[in-house]
Amino acid sequence: MVETTGGGPGDGTAEVLDRPLPDGVRRRVVQIVSDGFGGLTVAELPAQLRQYARFAPNRRAKFAGNAMAAALETDTLFRQRIGEKLREAQPELAGALDSGSPPPAADPLDVAAAAYVLRPTGWVKLVAAAGEEAQRADAERADEESRAELERLREELDRAREQTRSETERLRAELDAAKKEAESLHRKLRAALSDVKRGEAALRKLQGEMEAGRAEGQSLVSAAESESRRLKARLGEVEAALEASRRAAREGRSVEDMRLRLLLDTVLDAAQGLRRELALPPVSVRPAETVDAVEPGRMTPKDIAARALSENDPAILDQLLALPQAHLVVDGYNVTKTGYPQMPLEKQRLRLLGQLSQLAAQTGAEVTCVFDGAELVAPVLLAPPRGVRVLFSKPGVTADELIRQLVRAEPPGRPVIVASTDREVADGVARAGARPVASAMLLKRLS
């Protein structure tokens, strides 16, 4: 089952799979390649896969699955690059495979697909075991479905037998009743032979009355059914309208509750910080100490003014981010084109988001980075870093307007800091209660 070539002992790349890759494992392998595809540049892709570079992951897996599987098998460098992306995405699983002990609770198909890409020692056995496990699971599932179908057919047979039995009893009872009625009619007929004509006339009259009554009853039933359907339809419309109004009320109340809770957390954090700041030991104040004068060793107002921070000092930004429940909103392209405009837009975004992630980890503040998405021709394949919310404006909406919407969405009283050099953005957010800071100050703080 396993052949070895010139690799040394423990080299999983020397193992060769001597049977077709199981379908389940192949689908997971194609998904892994599709997920790692977006993290590679066009130059790093094999020539036959470059035409799929701009495809979305699901569309890429659908139309380029065979090509990606063939490239992964034949192009060792491409497989190694995909393996590196897999190690970044699933470090625990990759480490377990390298150590030779895959997690027992992991899906066998996921383990086999990762082993096929990473090629650790014994990967062929893992792939074969996954195929056998999938076949066994399919067989068990088919067996379970067969048993369920058999049980269902048995229940239907029992119900059919019971229904046949009850129907037979009902027909027998009707037959007995019909026989009794026939005997009675025969007796009546024999008793009324002398008055046949009168009986026939009475019978015709009775039949006419019965037909009229039956027709009237059918018309009443039809009218009642029509009215019932109309009332049911009206009831459904009323219930749908009531549910829509209740849902709208719940959604509106949940948004207001979220804004009120966030503002309350902000006020409570600020009050706790102020309590810590004012927790001074008690002192006895003398009348002479209230006279304004300069004591030996005390700074004068001139000395204090000399220690004030300048407008572009990054320490001001640190003080703002230290406020309780602070929210930093960044005008992405305004900051990147101020600091490093010569770089491509993709590298500008990656560099800024990496620095903002470090800032969020240091300060604990909420960070949102807004980019202009009006000129995008395809979705941006970007994994937001930890602690940073990344937003692109919709078509017809500028990044400046999206920033103003974010500021207006915050409850009054929450500290919101907006980093942008755009004067229109700065004035707009300042009127909404946010604190604007220059892009240069943020760049100094990030560097």
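What this report covers is the structure whose coordinates are included nearby. (Residues numbered from 1 in each chain as written. Predicted model: local features only at pLDDT ≥ 70, side-chain atom pairs only at ≥ 80, totals over all residues. Heavy atoms only, no water.)

1. Overview of the overall build of the protein
Note the following rule: Runs of H or I in DSSP of at least four residues are treated as helices and runs of E of at least two as strands, each being numbered from the N terminus. Summary of the burial criterion: residues with accessible area below 20% of their type's maximum are buried, those above 50% are exposed, and those between are partly exposed, where the area comes from a 1.4 Å probe applied to protein chains only. Here a residue-residue contact requires only that any non-hydrogen atoms of the pair lie within 4.5 Å.
Scanning the protein from N- to C-terminus turns up 15 helices and seven strands. Each of the 447 residues in the protein was classed as buried or not, and the buried ones make up 27%. In the protein, the share of contacts with a sequence separation of at least 24, taken over all contacts with a separation of at least 6, comes to 61%.

2. As for the side chain of Arg-414
Basically, it comes down to this: Any N or O atom pair separated by 3.5 Å or less is treated as a polar contact, with the protein-specific requirement of one donor-capable and one acceptor-capable atom, and with residues adjacent in sequence counted only for side-chain atom pairs.
Looking at where Arg-414 falls in the secondary structure, it is placed in the loop between helix H13 (399–409) and strand E6 (416–419). Taking the relative accessible area as the measure of exposure, Arg-414 reaches 6% and is therefore buried. Engagement of the side chain of Arg-414 in a polar contact is seen with the side chain of Glu-366, the distance being 2.6 Å.

3. Overview of helix H3 (residues 65–74)
Heads up, the condition is: Along the arc lie the directions from the helix axis toward the C-beta atoms.
Those residues of H3 lying buried are Gly-65, Met-68, Ala-69, Ala-71 and Leu-72. The buried residues of H3 all sit within an arc of 165° when viewed along its axis, so they share a single face. Away from its buried face, by an angle of more than 90 degrees, H3 presents the exposed residues Asn-66 and Thr-74. Among the structural elements, helix H1 (23–37), helix H2 (57–63), helix H4 (76–89) and helix H6 (108–118) are those in contact with the buried residues of H3.

4. What to know about the packing of aromatic side chains
Put simply, the rule reads: Planes of paired rings set the category: under 30 degrees apart is stacked, over 60 is edge-to-face and the rest tilted, where pairs are Phe, Tyr or Trp rings (Trp by its six-membered ring) whose centres lie within 6.5 Å. Put simply, a charge is over a ring when the Lys NZ or the Arg CZ is close to the ring centre, within 6 Å, and near the line of the ring normal, within 35 degrees.
On inspection of all chains with the given rule, the structure shows two aromatic pairs. Their ring planes at 55° and their centres at 5.0 Å tell us that Tyr-333 and Phe-371 sit as a pair that is tilted. Separated by 38 residues along the polypeptide, Tyr-333 in helix H11 (residues 332–339) and Phe-371 in strand E4 (residues 366–371) bring together distant segments of the chain. The two residues Tyr-333 and Phe-371 agree in class, both being buried. A connected cluster of aromatic rings, assembled from ring pairs, spans Tyr-333, Phe-371 and Phe-392. Residue placement shows Lys-337 over the ring face of Tyr-333; its charged tip is 5.5 Å from the ring centre.

5. Description of the nonpolar core
Which entries qualify depends on this criterion: Residues enter a nonpolar core if they are buried and are Ala, Val, Leu, Ile, Met, Phe, Trp, Tyr or Cys, with the set joined through side-chain atoms within 4.5 Å.
Membership of the largest hydrophobic core comes to 36 residues, with the highest contact counts inside it found for Val-29, Val-33, Leu-72, Phe-78 and Ile-82. Among the secondary structure elements, those contributing two or more residues to this core are H1, H3, H4, helix H5 (91–98), H6 and helix H7 (123–191). Counting 28 residues, the second-largest nonpolar core is a separate cluster that includes Leu-321, Phe-371, Met-441 and Leu-446.

6. Focus: the environment of Leu-359
By the element assignment, Leu-359 lies in helix H12 (residues 345–363). A C-alpha to C-alpha distance of 9.0 Å links Leu-359 and Gly-387, two positions 28 residues apart in sequence. Every residue in contact with Leu-359, bar those within four places of it in the chain, is listed here: Leu-321, Leu-328, Gly-364, Leu-442, Arg-445 and Leu-446.

7. Section: H13
What H13 keeps buried is the set Ala-399, Asp-400, Leu-402, Ile-403, Arg-404, Leu-406 and Val-407. If you follow the buried residues of H13, they end up packed against strand E3 (327–331), E4, strand E5 (388–392), E6 and helix H14 (423–431).

8. Topic: the environment of Pro-103
Structurally, Pro-103 is set in the loop between H5 and H6. Sequence-wise, Pro-103 and Glu-92 are eleven residues apart; in three dimensions their C-alpha atoms are separated by 9.1 Å. Aside from chain neighbours lying at most four places away, what touches Pro-103 is Leu-93 and Ala-96.

9. A few points about the sheet that holds E4
Sheet strands associate in pairs through backbone hydrogen bonding, adopting either a parallel or an antiparallel arrangement. Worth spelling out the cut-off: Criterion used throughout: strands pair if DSSP finds at least two bridges between them. Axis lines are fitted through C-alpha atoms, for helices just across the contact stretch, and the angle between N-to-C directions can take any value from 0 to 180 degrees.
Read from one edge to the other, the open sheet built from five strands follows the order E5-E4-E3-E6-E7, with strand pairing classed as parallel. In this open sheet, the two edge strands, each paired with only one partner strand, are E5 and strand E7 (435–437). For this sheet the average axis-to-axis angle between neighbouring strands, irrespective of direction, equals 20°. With five bridges joining them, E3 and E4 adopt parallel strand pairing. What sits directly across from Asp-331, in E4, is Val-370. Each of E3, E4, E5 and E6 is contacted by H11, which is oriented at about 65° to E3, the strand it contacts most.

10. Focus on the pairing of E4
With respect to burial, E4 is a largely interior element, five of its six residues being buried. Where E4 and E5 come together, five bridges link them in parallel fashion. Of the residues in E5, the one forming a bridge with Cys-369 is Val-390.

11. A word on the pattern of salt bridges
This is how it is decided: Whenever Lys or Arg places a side-chain nitrogen within 4 Å of a carboxyl oxygen from Asp or Glu, that contact is recorded as a salt bridge.
In this structure the tally under the stated criterion is 17 salt bridges. The closest approach of N and O atoms between Arg-445 and Asp-318, which form a salt bridge, is 2.5 Å. Of this pair, Arg-445 sits in helix H15 (residues 439–446) while Asp-318 sits in helix H10 (residues 314–321), placing them 127 residues apart in sequence. The class of Asp-318 is partly exposed, set by a relative accessible area of 30%. Between Glu-366 and Arg-389 there is a salt bridge; the shortest N-O distance is 2.8 Å. Within this pair, whereas Glu-366 is found in strand E4, its partner Arg-389 is found in strand E5, the two being separated by 23 residues in sequence. Note on Arg-389: relative accessible area 37%, which makes it partly exposed. Salt bridges sharing common partners tie together Glu-366, Arg-389, Glu-410 and Arg-414.

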